[in-house]
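These are the residues of each chain, in order.
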Amino acid sequence: VWCVVGNSFSLQKEHDTAIRFFKRAIDIDPSFTYAYTLCGHEFVENEKFHKAIPMFEQALSIDSRHYNAWWGLGNIYHRQEEHENAKQHFEKALKINKNNSVLRCSLGMVLETLNNPLIALEHFDRAAGGEPPSGLAYFCKARVLMGLERYE
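Residues numbered from 1 in each chain as written. Predicted model: local features only at pLDDT ≥ 70, side-chain atom pairs only at ≥ 80, totals over all residues. Heavy atoms only, no water.

*Asks:* Pulling in residues and values, what's your account of the environment of Ala128?
*Replies:* The topology assignment puts Ala128 in helix 8 (residues 117–128). Considering only alpha carbons, one finds Ala128 and Phe90, 38 residues apart in sequence, at a separation of 17 Å. (Helix = DSSP H or I, 4+ residues; strand = E, 2+ residues; numbered from the N terminus.)

*Asks:* Pulling in residues and values, what's your account of the layout of surface pockets?
*Replies:* Estimated volume of the largest pocket: approximately 260 Å³. Taken together, 16 residues form the lining of the largest pocket, with His41, Glu45, Asn68, Trp71 and Asn75 sitting closest to its centre. Elements represented by at least two residues in the lining of the largest pocket include exactly helix 1 (2–11), helix 3 (33–45), helix 5 (67–79) and helix 7 (101–113). Ranked by the residues each element gives to the lining of the largest pocket, the list is headed by helix 5, at 5 residues. Here the lining of the largest pocket is composed, by residue class, of 6 nonpolar, 6 polar and 4 charged. (1 Å grid on protein atoms, 1.4 Å probe; cavity = no way out; pocket = protein on both sides within 12 Å on 5 of 7 lines; lining within 4 Å. Points joined across faces, edges and corners; volume = space filled by probe spheres on them. Nonpolar A, V, L, I, M, F, W, Y, C, P; charged D, E, K, R; others polar.)

*Asks:* Describe the packing of aromatic side chains, listing the residues and the values that go with them.
*Replies:* Two measures describe an aromatic ring pair: the distance that separates the ring centres and the angle between the ring planes. Across all of its chains, the model carries 2 aromatic pairs by this definition. Look at Phe9 and Phe21: their rings are 5.4 Å apart centre to centre, the planes differ by 15 degrees, and that puts the pair in the stacked class. Placement of Phe9 in helix 1 and of Phe21 in helix 2 (residues 15–28) is noted, with a sequence separation of 12 residues between them. Members of the aromatic cluster, joined through ring pairs, are Trp2, Phe9 and Phe21. (Phe/Tyr/Trp six-rings, centres within 6.5 Å; stacked < 30°, edge-to-face > 60°.)

*Asks:* Hey, could you go over the side chain of Asn100 for me, with residue numbers and the actual values?
*Replies:* With respect to the helices, strands and loops of the structure, Asn100 is situated in the loop between helix 6 (83–96) and helix 7. A distance of 3.0 Å separates a polar atom in the side chain of Asn100 from the backbone nitrogen of Leu103. (Polar contact = N/O pair within 3.5 Å; in protein donor to acceptor, adjacent residues only side chain to side chain.)

*Asks:* With reference to specific residues and values, describe helix 3.
*Replies:* In this model helix 3 runs 19 Å from its N-terminal to its C-terminal C-alpha over 13 residues, within 8% of the 18 Å that 1.5 Å per residue would give. The buried fraction of helix 3 amounts to 11 of the 13 residues, a majority that puts the element mostly inside the structure. Within helix 3, the full set of buried residues consists of Thr33, Ala35, Tyr36, Thr37, Leu38, Cys39, Gly40, His41, Glu42, Phe43 and Val44. Tucked into the core, helix 3 has its buried residues touching helix 1, helix 2, helix 4 (49–62) and helix 5. Two residues or fewer past helix 3, Glu47 is found with a positive phi of approximately 55 degrees. (Expected span 1.5 Å × (residues − 1). Buried < 20%, exposed > 50% of the residue type's maximum accessible area, 1.4 Å probe, protein only. Contact = heavy atoms within 4.5 Å.)

The structure is reproduced here in structure tokens:
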């Protein structure tokens, strides 16, 4: 229940209130992995990365296969321009959830930044046809193809 209410506040962009509800869920059940992850995402929305990282790490200490927490850490490192670190975290998330288009697109964007356009293109191709289908993947794919001067 606490996470449902927290998600409602999150959707209304009331991130501090959402954090309070997610923390309440954690207080009630300290082993509730998803509450830590949701709280971490809210801290990211407030650009409080130093508070988000421990939330994602705690989620992973409970369940190392929680791909959403791996993605959350990768997202932070990507935003902080620690691209190699971001790549490693996105790859871990993808090992767990291979067909997720958001994960694949995130990894593709990091690979593009790391000057690996052909490998990035492979990920964008797969993301475009993944679950859920990704419009962002089509945009990123077009950007890479234009950079490679492949006007197909």
